[in-house]
Amino acid sequence: MRRFDMRLPAIVRLEGTNEFHTETQNVSARGVFFYVDRQIVAGTKVEVTLTFPPHVTLTDAVRVRFSARVIRVENPLPSARVGVAAMIENYEFLRSNGSSDFFTALQTEWKGQS
């Protein structure tokens, strides 16, 4: 799956914890990679909310919420940051106004990948 290097603000919620803010490193139609400052184990369910800015969507900002499962954890020493690769299992578009061109293109591509 083609990955796009995108540093986007992300809100992550782990099972049974409060949400916290981070930033993506890359995004694909099936997954997302980001760094966190806490330990996570493979198999953990996460909820990630991203906002694609207007310069990416070429229209209004688009918010997307993913339900995902952690499939890989990278914990290089001595960094305190933990790299997390999560596979998207479900998603929901949260934007409700403006042009739907980007929304429609993403939705079509992601449904085609299912």
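In what follows, the accompanying structure is described.

Reading the values: the criteria
Residues numbered from 1 in each chain as written. Predicted model: local features only at pLDDT ≥ 70, side-chain atom pairs only at ≥ 80, totals over all residues. Heavy atoms only, no water. Phe/Tyr/Trp six-rings, centres within 6.5 Å; stacked < 30°, edge-to-face > 60°. Buried < 20%, exposed > 50% of the residue type's maximum accessible area, 1.4 Å probe, protein only. Lys NZ or Arg CZ within 6 Å of the ring centre and 35° of its normal. Pairing = 2+ DSSP bridges. Helix = DSSP H or I, 4+ residues; strand = E, 2+ residues; numbered from the N terminus. 1 Å grid on protein atoms, 1.4 Å probe; cavity = no way out; pocket = protein on both sides within 12 Å on 5 of 7 lines; lining within 4 Å. Points joined across faces, edges and corners; volume = space filled by probe spheres on them.

On to the packing of aromatic side chains, then. To describe a pair of aromatic rings, you give the distance between the ring centres and the angle between the ring planes. This structure, assessed with the given rule, holds two aromatic pairs. Judged by centre distance (5.3 Å) and plane angle (90°), the rings of Phe-33 and Tyr-35 are edge-to-face. Residue Tyr-35 is classed as partly exposed on the basis of its relative accessible area of 22%. Aromatic pair Tyr-91 and Phe-93: ring centres 5.5 Å apart, planes at 85°, arrangement edge-to-face. Assessed through its relative accessible area of 13%, Phe-93 is described here as buried. Sitting over the face of the ring of Phe-20, Arg-38 holds its NZ or CZ atom 3.9 Å from the ring centroid. Note that Arg-81 overlies the ring of Tyr-35, its terminal NZ or CZ placed 4.2 Å from the centroid.

Our focus in this paragraph is the pairing of strand E6 (residues 62–74). Bridge count for strand E5 (residues 45–52) against E6 is eight bridges, and the pairing is antiparallel. Bridge pairing in E6 places Lys-45 opposite Arg-69. Here E6 pairs with strand E7 (residues 82–93) via ten bridges, running antiparallel. Following the sheet pairing, Val-70 is matched in E7 by Ala-86.

Further remarks concern unusual backbone geometry. Even without glycine at this site, Leu-58 takes up a positive phi of about 60°. If you trace the backbone, Leu-58 turns up in the loop between helix H1 (54–57) and E6. On the basis of relative accessibility, which here comes to 76%, the residue Leu-58 falls in the exposed class.

Burial along strand E2 (residues 9–14) is one-sided: the residues Ala-10, Val-12 and Leu-14 are buried and none of Pro-9, Ile-11 and Arg-13 is. Relative to strand E3 (residues 19–27), E2 runs antiparallel, the two being bridged by five bridges. Looking across to E3, one finds that Arg-13 is bridged to Glu-19. Taking the residues that link successive antiparallel strands as the turn, the E2-E3 hairpin has four residues, and the phi of Gly-16 there is positive, at about 70°.

Of the voids in this model, the largest pocket is the one considered here, and its volume is about 220 Å³. Lining the largest pocket are 14 residues; nearest its centre among them are Arg-3, Ser-28, Gly-31, Val-32 and Ile-71. Sorting the residues of the lining of the largest pocket by element identifies E3, strand E4 (31–36), E6 and E7 as the ones contributing at least two each.

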